[in-house]
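What the coordinates show
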Amino acid sequence: MLLMPKKTKYKKMHRGRLKGKATSGNYLVFGSYGLQALEPVWMKSNQIEAARITLSKFIKKGGKIWIRIFPDKPITKKPAETRMGKGKGDVQYWVAVVKPGRILFEIEGIHANEAKKALRLASNKLPIHTKILIRDYII
């Protein structure tokens, strides 16, 4: 199950820039434990899926997982040995634009040790350095 939008307004998109820090999605909202990006990256849908599978296999039926990023940017590529011109290439894959500080995954419903272990395993599947966050409840 590769993540991609069902429908988009436009088929292709400009590249943009990976400058700056995340201004939204940069704190825990749903779960008690989260995985935060420390570097900017275009995260492919198959990388997100690999981390999701690792998390769900580790926590089994014990907890709940939230995926806080979605690949909605199409990346195009022209075929090899093609002459210049003749327009932009076809869409090859979809990416999520991740900036430093963005929360990638959140989990809830399992013990702290288990959550740390699960998030560490998931972070090994990702192409960037990440940090594990723990929500501190103030009573």
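So, here's what we can say about the structure. In every chain, residue numbers begin from 1 and rise along the written sequence. Local features in this predicted model are restricted to residues whose pLDDT is 70 or higher, and side-chain atom pairs enter the listing and the counts only when it is 80 or higher, whereas totals over whole chains, interfaces and linings include all residues. Water and hydrogen atoms play no part in the side-chain values, which are based on all heavy atoms of the structure.

Notes on unusual backbone geometry
One non-glycine residue with positive phi stands out, namely Glu81, at about 55 degrees. Only DSSP runs of H or I with at least four residues qualify as helices, and only runs of E with at least two residues qualify as strands; both kinds are numbered from the N terminus onward. Considering the arrangement of structural elements, one finds Glu81 in the loop between β4 (73-77) and β5 (90-98). Accessibility here uses a 1.4 Å probe with only protein chains present; expressed as a share of the type maximum, an area under 20% marks a residue as buried, one over 50% as exposed, and anything in between as partly exposed. Here Glu81 falls in the exposed class, since its relative accessible area comes to 87%. For Lys86, which is not glycine, the phi torsion reads 60 degrees and is therefore positive. Structurally, Lys86 is set in the loop between β4 and β5. On the accessibility criterion, Lys86 (83% relative accessible area) is exposed.

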